[in-house]
Structure formats: C-alpha cells, structure tokens
Amino acid sequence: MLKLSKRLQTIADYVTEGSRIADIGSDHAMLPVYLLQSKKCPSGIAGELNEGPYEAARKQAADAGLSSRLSVRQGDGLSVLKPGEADTVTIAGMGGSLMSEILEAGLQAGKLSGVRELVLQPNVGEDIVRRWLYEHSWYLADESIIEEDGKIYEVMRAVLDIDAAELNNKLYNSGFLSFGLNEEKGIAVLFQMGPHLLRKPTPVLHQKWRMELEKQERICQQLAKSELAESERKLHQFRAEMNVTQEVLQCLPTDIPSSN
Ligand code: SAM
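Residues numbered from 1 in each chain as written. Predicted model: local features only at pLDDT ≥ 70, side-chain atom pairs only at ≥ 80, totals over all residues. Heavy atoms only, no water.

Lay out the domain arrangement of the protein chain in plain terms, naming residues and giving numbers.
You can read the domains of the protein chain as domain 1 (6-161) and domain 2 (182-250). For domain 1 and domain 2, the distance between their C-alpha centroids amounts to 29 Å. Each partner contributes to the interface: domain 1 provides 16 residues, whereas domain 2 provides 16 residues. Regarding the contact of domain 1 and domain 2, the summed buried area is about 1400 Å², with carbon and sulfur atoms giving 63% of it. When the area that domain 1 buries against domain 2 is broken down by residue, the three leading residues are Glu143, Ile145 and Ile152, summing to 39%. Summed over the shared surface of domain 1 and domain 2, the result is three salt bridges. (Domains from an automatic or database assignment. Contact = heavy atoms within 4.5 Å. Buried area = accessible area lost by both parts, 1.4 Å probe. Salt bridge = Lys/Arg side-chain N within 4 Å of Asp/Glu carboxyl O.)

This is the structure in structure tokens:
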C-alpha cells in the first residue's frame, strides 16, 4: 500500500469511510489510490487539468491495479464530475483563491450535487476558502494544522448540514477570545486564523503566526523606507493587523499539547 506524506495522510484521515471520492488536482493520484487500497473508499475519480500529472495519475492507478475503480479524468476543476458521482471531494496543494474558484464554478454547474463532504488543503489563502464555505452554507466541521519538512499546512473538513448556517454562526462567534473584537473584526480573525484552530491551539499554530508576523515585520520595514502616502497607509494597515494577531496569540491558552 502507498505510504502517504503526513499532509496527505491528514487529508485521508478526514475522508468519511465508504464515501466515493473525487480528488481534484490529483497530480500523481497518491491520495485516491491510497484511499482505495486501504479500502476506506470503494471507488474514486482523480481529476487533473494538466497533461503530465494526468498521465502520472493514470499510470499510478494502473500500476496499483485500480483502473477499473479509479477513473482518471482530464479537465478543469469539478468539470470532470457528473452530478451525483461523488460523496466526498478533496482538493489539496493549491492556493485558496484557485480552490474557491474551482468550488464556485463547480457549484454553478451543479457538480457539487450529491457531494456531502469537502476536504480541503489550501497552501495559502486559507481565509478565502473558509469565507467561501461560510457564504455557501458548508459547515466547517473540523480543521488541523500540521508541520512537515519545515512547511506548515492547514487541512479543513466541511460538511453539508441543514443546520450549517446556525452551526457556522456559533463557530464564527469570536466571544471565546478573551479580548474584545467587534463582530466584523472577530469574524475576519476567525477566517484568517481558523475557528477550530484557535479553540484548540497547538505549538504549530503559534509557530505559523510567529513566522507570519516576522514576514510582515520585514514588509513594514521596507514600507517605512518609502515616502509615498500609499506606503504609509499600507504600513498603518499592516501594523493594525499585526497588533490584532499578536493580541489573539497572547490570549490563547499556553498549556497546549506538544503533538503535531
Ligand atoms: N493534490 C495533490 C497534492 O496535494 O499532493 C497535488 C497538488 S499539485 C501542487 C496541484 C495540482 O493541481 C497540479 O497537478 C495541477 O496540474 C493541478 N491543477 C491546477 N489547476 C487545476 C484545475 N483548475 N483543475 C484541475 N487540476 C488543477
């Protein structure tokens, strides 16, 4: 059986047993091959836009003897799916903006019909994905943050739930943070940093935001050298955002588990 990276294993662990999987942007189809080999999923679809990765996915499925149960298809995003073909869609290893575009186009084309679960791992722009889920009444049921080979990844599991709007309203209430933020700022922080991740903070979460703050500090130092009014405006904006991030980090529990 294929051995997955920690990142792909975290995604695989979120997939509900018995679901028909569609992995979009599958590259070498490692994830769906593993899910079928481990018998977690009975069948699957691997979607790929680009020729090289599409051929690699076909080869991976054939080498694993899974060509009859893993359909490898070339196409843009969710266009490779027929409505009702998949229960779970996974999309991993691309930016949150592209991921949200793929979900939006798929939704408009009815390709998410029948899909009950989304497992998503944006490389950047996690806030864009959380906002898309929230605005389209997908309930963000869980999320994880992990470190692997010096990189930090966030993985999200969202489900269709008739009570999604109510559940999300509770989830995105920032009242649990022990310092005052108005509703608009509170929800922006939760989109940015993750409502579950902030409720169960780990050392990796702190590490991620310490690194982000260092990056932003370097940008601020560059902006401070400029005499342009626009740079000054951006500098103020950055500093204000950094202050909020720092305050959030300071109010999180510090006796946190050392796993991950
Ligand atoms: N999902 C795998 C993973 O997480 O290891 C592969 C990630 S790889 C960095 C991103 C893959 O998405 C590439 O193989 C790329 O060709 C594919 N891709 C990019 N845009 C796509 C789109 N609009 N539709 C389908 N696949 C796409």
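Residue-level account of helix 10 (residues 229-251), with values.
With 23 residues, helix 10 should reach 33 Å at 1.5 Å per residue; the first-to-last C-alpha distance of 34 Å fits that figure. Along helix 10, the residues classified as buried are Ser231, Leu235, Met242, Val244, Thr245, Val248 and Leu249. (Helix = DSSP H or I, 4+ residues; strand = E, 2+ residues; numbered from the N terminus. Expected span 1.5 Å × (residues − 1). Buried < 20%, exposed > 50% of the residue type's maximum accessible area, 1.4 Å probe, protein only.)

Which residues make up the site of the ligand, and what are the values?
In the vicinity of the ligand lie 16 residues, with Arg7, Gly25, Glu48, Asn50 and Asp76 positioned nearest. Contact distances for the ligand include 2.8 Å between a nitrogen atom and a backbone N or O atom of Gly25. The separation between a nitrogen atom of the ligand and a polar main-chain atom of Gly77 is 2.8 Å. Look at the ligand: alone it shows 600 Å² of surface, and the protein chains cover 80% of it. Elements represented by at least two residues in the shell around the ligand include exactly helix 1 (6-14), strand 4 (88-94) and helix 4 (96-108). Taken together, the residues that form the shell around the ligand break down as seven nonpolar, five polar and four charged. (Near = heavy atom within 4 Å. Polar contact = N/O pair within 3.5 Å; in protein donor to acceptor, adjacent residues only side chain to side chain. Areas by Shrake-Rupley, 256 points an atom, 1.4 Å probe, with all protein chains shown as cover. Nonpolar A, V, L, I, M, F, W, Y, C, P; charged D, E, K, R; others polar.)

Residue-level account of the packing of helix 9 (residues 203-225) against helix 10, with values.
Between two packed helices, what matters for the description is the angle formed by their axes and the separation of those axes. It is the contact of helix 9 with helix 10, at a shortest axis distance of 10 Å, that shows an interaxial angle of 160°. The orientation of helix 9 with respect to helix 10, classified from their angle, is roughly antiparallel. Helix 10 is crossed by helix 9, and the crossing has left-handed handedness. Contact residues: His206, Trp209, Leu213, Gln216, Glu217, Ile219, Cys220, Leu223 and Ala224 in helix 9; Ser231, Lys234, Leu235, Phe238, Arg239, Met242, Thr245, Gln246 and Leu249 in helix 10. Considering only residue class, the contact of helix 9 with helix 10 consists of ten nonpolar, five polar and three charged. (Axes fitted to C-alpha atoms, helices over the stretch in contact; angles between N-to-C directions. Parallel < 35°, antiparallel > 145°, perpendicular 65-115°, else oblique. Left-handed = near helix turned anticlockwise from the far one by under 90°.)

Describe the nonpolar core, naming the residues involved and giving the relevant values.
The tendency in soluble globular proteins is for nonpolar side chains to be buried as a group. Ranked by internal contacts, the top residues of the largest apolar core, which has 53 residues, are Val89, Ile91, Leu118 and Leu133. Each of two domains, domain 1 (6-161) and domain 2 (182-250), supplies a minimum of three residues to this core. Ignoring any residue separated from it by four or fewer positions in sequence, one finds Leu133 in contact with Leu118, Leu120, Trp138, Leu140, Met156 and Ala158. In this structure, Leu4, Leu31, Tyr34 and Cys41 belong to the second largest nonpolar core, which totals 24 residues. (Core = buried A, V, L, I, M, F, W, Y, C linked by side-chain atoms within 4.5 Å.)

Can you lay out the pairing of strand 6 (residues 138-148) for me, pointing to particular residues and giving the numbers?
Among the eleven residues of strand 6, eight are classified as buried, and the element is accordingly described as predominantly covered. Here ten bridges tie strand 6 to strand 7 (residues 151-160), and the two strands are oriented antiparallel to one another. Bridging across to strand 7, Trp138 finds its partner in Leu160. Following strand 6, the chain reverses through two residues before pairing antiparallel with strand 7; Asp149 in that reversal takes a positive phi of roughly 50°. (Pairing = 2+ DSSP bridges.)

Describe the packing of aromatic side chains, and please don't skip the residues or the numbers.
Tallied over the entire structure, the rule returns three aromatic pairs. With centroids separated by 5.4 Å and ring planes inclined at 75°, the aromatic side chains of Tyr134 and Phe191 adopt a geometry described as edge-to-face. Highlighted residues: Tyr134 in helix 5 (residues 126-135) and Phe191 in helix 7 (residues 183-193), separated in sequence by 57 residues. We note Arg7 situated over the ring of Tyr153; from NZ or CZ to the ring centre the distance is 5.6 Å. (Phe/Tyr/Trp six-rings, centres within 6.5 Å; stacked < 30°, edge-to-face > 60°. Lys NZ or Arg CZ within 6 Å of the ring centre and 35° of its normal.)

Report on the sheet that holds strand 6, specifying residues and quantitative values.
Spatially, seven strands are ordered 3-2-1-4-5-7-6 in an open sheet, and the strand pairing comes out mixed. Only two strands of the sheet have a single partner each, and these edge strands are strand 3 (70-74) and strand 6. The mean angle between the axes of side-by-side strands here comes to 15°, regardless of whether they run parallel or antiparallel. Pairing geometry for strand 4 and strand 5 (residues 117-122), over six bridges, is parallel. Bridge pairing in strand 5 places Ile91 opposite Leu120. Its contacts with the sheet place helix 2 (residues 30-37) against strand 1 (21-24), strand 2 (44-48), strand 3 and strand 4, and it is angled at close to 160° to strand 1.

So what about the environment of Arg157? Which residues, and what values?
Note on placement: Arg157 falls in strand 7. Sequence-wise, Arg157 and Glu183 are 26 residues apart; in three dimensions their C-alpha atoms are separated by 24 Å. When sequence neighbours within four positions are dropped, the list of residues in contact with Arg157 reads Tyr14, Thr16, Glu117, Leu118, Tyr139, Leu140, Ala141 and Asp142. Here the side chain of Arg157 touches Tyr14 through a polar contact of 3.4 Å, landing on its backbone oxygen.

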